[in-house]
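Spelled out from the first residue to the last, the chains are:
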Amino acid sequence: MKKLFLLLSLPFVAMAMSGCNQEPEVKNIIYMIGDGMGLAQVSVMQIEQYAPSAFERAQNIALQKTYSANNRVTDSAASGTALATGYKTNNSMLGQTPDGTRVESIMAKADKVGYESGIVVTCYVTHATPAAFYAHVDSRNDNNGIIDDFMKENDVDVMFGGGTRMFSEYFAKQNTTWEAALQEKGYT
């Protein structure tokens with residue numbers, strides 16, 4: 001996986017180092033993940049759609065193998081971790097390698113160099129795919145561990161999604177509300 005990231009990164013590094021001013025400076029990167037969306041799903045969409053899809057209009061398309069370290073059939077936690085960090089892991093694990101070594105996500109790396117980051121989802125923010133970008137837990141079902149990591153270790157600037165029930169249960173045990181805890185962390 002690291003080799004794939006390196007291979008995909010080399011053209012951008014080469015352009016940056018050459019001082020090439022033909023293209024405008026990249027100010028933002030939007031990383032969209034269609035959860036559960038493989039070639040079969042994209043092919044069916046393209047067959048059924050009358051107008052060209054965004055995939056067909058794209059200048060470049062890349063494929064990535066995201067099978068997990070312990071299974072040819074991956075789950076959202078392992079594939080999300082591969083997409084977020086460049087490391088393969090076992091099914092159900094988030095943000096760490098199979099031996100439990102925590103790995104840094106692309107969002108954490110971007111934050112270190114001054115970029116702002118955000119996660120926008122149509123599911124729970126503690127779901128495996130978004131959590132792969134900020135959590136480091138053995139199980140995707142460990143909502144308390146995922147929320148712990150969100151509250152203590154992430155620098156996500158914007159977060160949109162569901163999951164207030166999980167946050168309510170978590171903070172009720174701490175005699176506070178999720179609203180108060182998130183406001184204390186700087187969220188509105």
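Asks: Go over the overall build of the chain, please, and point to the residues and values.
Replies: Counting its secondary structure elements, the chain contains nine helices and two strands. When the helices and strands of the chain are read in sequence order from the N terminus, they spell out α-α-α-α-α-β-α-α-β-α-α. Residues counted as buried form 31% of the 188 residues belonging to the chain. For the chain, the share of sequence-separated contacts (at least 6 apart) that also reach a separation of at least 24 residues comes to 49%. Accessible area for the chain stands at about 12700 Å²; split by element, carbon and sulfur atoms hold 55% of it.

Asks: Give a detailed account of the confidence of the model for the chain, specifying residues and quantitative values.
Replies: On average, residues of the chain carry a pLDDT of 85, and 88% of them reach 70 or more. Looking over the chain, one finds the lowest element-wise mean pLDDT in helix α1 (residues 2-18), namely 50, and the highest in helix α6 (residues 128-131), namely 95. This stretch, residues 1-7, has a pLDDT under 50; its non-local contacts, to residues over four places away or in other chains, come to 14 contacts.

Asks: So what about the side chain of serine 76? Which residues, and what values?
Replies: Tracing the backbone shows serine 76 in helix α4 (residues 76-85). Once residues lying within four places of it in the same chain are set aside, the contact partners of serine 76 are Asp35, His127, Ala128, Thr129 and Arg140.

Asks: Lay out unusual backbone geometry in plain terms, naming residues and giving numbers.
Replies: In the Ramachandran plot, serine 92 falls in the positive-phi region, its phi being about 85° despite a non-glycine side chain. Within the element layout of this structure, serine 92 appears in the loop between α4 and α5 (106-112). Despite not being glycine, asparagine 175 shows a phi value in the positive range, around 55°. With relative accessibility at 74%, the residue asparagine 175 sits in the exposed group.

Asks: Please set out the packing of aromatic side chains residue by residue, giving values where relevant.
Replies: Counted by the stated rule, this structure contains six aromatic pairs. Between phenylalanine 150 and phenylalanine 167, the aromatic rings sit 5.9 Å apart at their centres with planes inclined by 90°, giving edge-to-face as the arrangement. Residue phenylalanine 150 is located in helix α7 (residues 143-153), and its partner phenylalanine 167 is located in helix α8 (residues 164-172); the two are separated by 17 residues in the primary sequence. With a centroid separation of 5.7 Å and 20° between ring planes, the pair formed by phenylalanine 150 and tyrosine 187 is classed as stacked. Highlighted residues: phenylalanine 150 in helix α7 and tyrosine 187 in the segment after α9 (178-184), separated in sequence by 37 residues. For phenylalanine 150, a relative accessible area of 3% gives the class buried.

Asks: Help me get a handle on the pattern of salt bridges, residues and values and all.
Replies: For side chains of opposite charge, pairing can occur when their charged atoms come near one another. Using the criterion set out here, one finds four salt bridges in the structure. Linking glutamate 169 and arginine 165 is a salt bridge whose minimum nitrogen-to-oxygen distance equals 3.6 Å. Of this pair, glutamate 169 and arginine 165 both sit in helix α8, four residues apart, which is roughly one turn of that helix.

Asks: Describe the packing of α7 against α8, listing the residues and the values that go with them.
Replies: The contact between α7 and α8 brings their axes to 10 Å, and the two run at 85°. It follows from the interaxial angle that α7 and α8 lie roughly perpendicular. For the pair α7 and α8, the contacting residues are Asn143, Asn144, Ile147, Asp148, Phe150 and Met151 in the first and Met166, Phe167, Tyr170 and Phe171 in the second. Of the residues assigned to the contact of α7 with α8, the class counts are seven nonpolar, two polar and one charged.

Criteria and cut-off values
- Residues numbered from 1 in each chain as written.
- Predicted model: local features only at pLDDT ≥ 70, side-chain atom pairs only at ≥ 80, totals over all residues.
- Heavy atoms only, no water.
- Helix = DSSP H or I, 4+ residues; strand = E, 2+ residues; numbered from the N terminus.
- Buried < 20%, exposed > 50% of the residue type's maximum accessible area, 1.4 Å probe, protein only.
- Contact = heavy atoms within 4.5 Å.
- Areas by Shrake-Rupley, 256 points an atom, 1.4 Å probe, with all protein chains shown as cover.
- pLDDT = per-residue confidence, 0-100.
- Phe/Tyr/Trp six-rings, centres within 6.5 Å; stacked < 30°, edge-to-face > 60°.
- Salt bridge = Lys/Arg side-chain N within 4 Å of Asp/Glu carboxyl O.
- Axes fitted to C-alpha atoms, helices over the stretch in contact; angles between N-to-C directions.
- Parallel < 35°, antiparallel > 145°, perpendicular 65-115°, else oblique.
- Nonpolar A, V, L, I, M, F, W, Y, C, P; charged D, E, K, R; others polar.

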